[in-house]
Amino acid sequence: MTDRSSDLPAQPAPSLVARPQWQALRQHAQARAERTLQDLFAADPQRGERLVAEAAGLYLDYSKQRVGDDTLQLLLQLADACGLRARIDAMFAGARINATEDRAVLHVALRAPEGECIATGGDDVVPEVHAVLERMAAFAGQVRDGRWTGATGQRIRNVVSIGIGGSDLGPVMAYEALRHYSRRELAFRFVSNVDPTDFVEATRGLDPAETLFIVCSKTFTTQETLVNAHAARDWCLAALHHEAAVAKHFVAVSTNEAGVRDFGVDPANMFGFWDWVGGRYSMDSAIGLSTMIAIGPDHFREMLAGFHAMDVHFRSAPFERNLPVLMGLLGIWNNNFLGAATVAVLPYAQYLKRFPAYLQQLTMESNGKHVGLDGKRVEVQTGPIYWGEPGTNGQHSFYQLLHQGTRLVPCDFIGFCQPLNPPDAQHDLLMANLFAQGEALAFGKRAAQVRAEGTPEAFVPHRVFDGNRPSSTILADRLTPRSLGALVALYEHAVFVQGTIWNIDSFDQWGVELGKQLAKTTEAELAAAAPALAHDSSTNALIRRYRERRGRDAS
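The chain goes by Glucose-6-phosphate isomerase in an unreviewed UniProt entry, where it is assigned to Cognatiluteimonas sedimenti. A UniProt comment under Function (unreviewed entry) is attached to the chain, and it reads "Catalyzes the reversible isomerization of glucose-6-phosphate to fructose-6-phosphate." Taken from UniProt, the Catalytic activity (unreviewed entry) comment for the chain reads in full: "alpha-D-glucose 6-phosphate = beta-D-fructose 6-phosphate".

(A) Representation of the layout of surface pockets in the model. The computed volume of the largest pocket comes to approximately 1,200 Å³. Taken together, 43 residues line the largest pocket, and the ones lying closest to its centre are Thr-222, Gln-509, Val-512, Glu-513 and Lys-516. Counting residues per element, the ones that place at least two in the lining of the largest pocket are helix H7 (166-177), helix H9 (223-240), helix H15 (355-367) and helix H20 (513-527). The leading source of residues in the lining of the largest pocket is H20, at 6 residues. For the lining of the largest pocket, the class distribution of residues is 14 nonpolar, 19 polar and 10 charged.

(B) Quick peek at the packing of H20 against helix H21 (residues 537-549). Where H20 contacts H21, the axes come no closer than 9 Å and their chain directions differ by 40°. In this view, H20 runs oblique relative to H21, as classed from their interaxial angle. Pair H20 / H21 crosses with right-handed handedness. Seen from H20, the contacting residues are Thr-522, Glu-525, Leu-526 and Ala-527; seen from H21, they are Ile-543, Tyr-546 and Arg-547. Considered class by class, the residues forming the contact of H20 with H21 number 4 nonpolar, 1 polar and 2 charged.

(C) Seen up close, the packing of helix H1 (residues 20-31) against helix H14 (residues 323-337). It is the contact of H1 with H14, at a shortest axis distance of 11 Å, that shows an interaxial angle of 65°. With respect to H14, the axis of H1 lies roughly perpendicular. Our pair here, H1 against H14, has a crossing hand that is right-handed. Between H1 and H14, the residues in contact are Trp-22, Leu-25, Arg-26, His-28 and Ala-29 and Ile-332, Trp-333, Asn-336 and Phe-337, respectively. Of the residues that constitute the contact of H1 with H14, the class distribution is 6 nonpolar, 2 polar and 1 charged.

(D) Focus on the confidence of the model for the chain. With 97% of its residues at a pLDDT of at least 70, the chain reaches an overall mean of 95. The low-confidence segment residues 1-11, where pLDDT is below 50, has 12 contacts with residues more than four positions distant or belonging to other chains.

(E) Summary view of unusual backbone geometry. Cis geometry marks the peptide bond from Gly-391 to Thr-392; its omega dihedral reads 15°. For Thr-392, the position within the fold is in the loop between strand S11 (385-387) and helix H16 (399-404). Cis geometry is adopted by the peptide bond preceding Pro-423, which originates at Pro-422 and carries an omega value of 0°. Here Pro-423 lies in the loop between strand S12 (411-416) and helix H17 (424-443). Non-glycine residue Asp-102 carries a positive phi angle of around 50°. Structurally, Asp-102 can be placed in the loop between helix H5 (84-92) and strand S3 (119-120). Since its relative accessible area comes to 32%, Asp-102 is described here as partly exposed. Of note in this structure, Asn-503 is not a glycine but carries a positive phi near 60°. With respect to the secondary-structure elements, Asn-503 resides in the loop between helix H19 (481-502) and H20.

Quick notes on the rules
Numbers given to residues run from 1 along each chain, matching the order in which its sequence is written. pLDDT decides what is reported in this predicted model: residues at 70 or higher carry local features, side-chain atom pairs at 80 or more are listed and counted, and totals for whole chains, interfaces and linings draw on all residues regardless. To get the side-chain values, all heavy atoms of the structure are used, and hydrogens and water are removed first. UniProt positions are given in the numbering used here, feature names are shortened, and annotations may be inferred rather than shown by experiment. The distinction between a cavity and a pocket rests on a 1 Å grid over the protein atoms alone: a 1.4 Å probe fits inside a cavity but cannot get out, while a pocket stays open yet meets protein on both sides within 12 Å along at least five of seven lines, and a residue with an atom within 4 Å of a point counts as lining. Grid points are joined across faces, edges and corners, and a volume is the space filled by probe spheres set on the points. By definition, any uninterrupted DSSP run of H or I lasting at least four residues is a helix, any uninterrupted run of E lasting at least two residues is a strand, and each is numbered from the N terminus. Each residue gets one of three labels, nonpolar for Ala, Val, Leu, Ile, Met, Phe, Trp, Tyr, Cys and Pro, charged for Asp, Glu, Lys and Arg, and polar for the others, Gly among them. Lines fitted to C-alpha atoms define the axes here, with helix axes fitted over just the stretch in contact, and angles between the N-to-C directions of these axes take values from 0 to 180 degrees. Reported orientations rely on four angle classes, namely roughly parallel under 35 degrees, roughly antiparallel over 145, roughly perpendicular from 65 to 115, and oblique for the rest. In this scheme the handedness of a crossing depends on how the near helix is turned from the far one: anticlockwise by less than a right angle means left-handed, clockwise means right-handed. Contacts are assigned to residue pairs with any non-hydrogen atoms lying within 4.5 Å of each other. Values of pLDDT, which run from 0 to 100, indicate the predictor's confidence residue by residue. Three labels apply to residues, based on accessible area from a 1.4 Å probe with only protein chains included: buried if under 20% of the type maximum, exposed if over 50%, partly exposed otherwise in between.

Here it is in structure tokens:
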């Protein structure tokens, strides 16, 4: 292996807020505080055609962000000062940039074409990736065409994926996003929550003899996943009555061969991945086996090609035309200089209904950090909160706050020019709403306009829209596996850009550990005969009340 010290900065990075580029941006934000989007468009009528970028089948219009050319230049200078180019090169070179876990970060290798070399520790990982992809494709083909049968000889008609976090959110999102391309005679369901209701409802109405479970756990020790996997095992054996049935109804995505074998899964049906793949970056690894079964190996490879096209663009395009760099830097501007604490992701595509939830993990688990790579507490706000719903549903829910609320909420609108389902006129209506919402947020409606409509003076203030609310719009021709891959990679790399500016490790997730550790102790106390509770008074009282209501000793 290479010397770890070669992967890390030779000396601590200078304070972010002390950098002259940061100070220049702060002064710039104060100086232009009164300049509105309406002013910017009036001064530059071609702004909407200039402040755009295009790559990998995606078109980004960021002209409705509250930036000028001078703002963009200052942001690009900040990126240079923070070593963004070197950091990108280090990731693609297999350096162990996940410093707190001493790991490379090579999700880009998951979609690299055969023949490309991406190495870490001196080993080219691309051949391993394609070996797993070939095994996945062979297995998916057997399930899809009926050659893989259950213990009774019946073909598989139901696929249930069991995982949590990145082992669930990615596959769920991808299945919903690409359902148009899925094999419709197969039913796909997903189980993640340790709440038994999740498993019960996911398997309701299914025939165990026709059901295949995919257990997704890298270590095969994840508590929630294993609890649900054992529930699935019991459910299956209650109907099929023989331990040997497990091997015909369960496969695993894991690296723990001993654990998989002990569970009853044939190791030949175990699909592995690597420690340089983070969970929230794993939907294009073997974690995506359910996706491949649903849409087929060819479409899955198209999705990988979309990922790769954005990877190439991110690595090679000049920063001023680089979509992930622009999105990441605009996020820095909105978060750190305009004070926006959240980002609304608004896909005008029902198939993308789970995309905001997927992005919540990708963005907030990656950049929700308060300590930098130097071990010191960060000096600025990191990790804005991501949320959202598909349009037009959200327009009848929370858009009131977006337009007239007191909080600034930058928005990402996502839409497609070509519909997947008729009628075309209905798709026109959908997209008309997307374009109208961005326009309304940017330019609002002045009191004079409201009065000109004949509105009584007492009601005029209620019907005024201030505007000047920033948004970006991402358009693609059509929602395809390729465009989905490019879209996900766009956000992956934008997250990376922001983590680089903030000098944090975007690839660990220590913040999820403490609650899980405490839960192990508490779980035992909930079931014990007479636990000696040593928590705070609130937690002790809650445990006692729960035990009392469950008919247990409340001592």
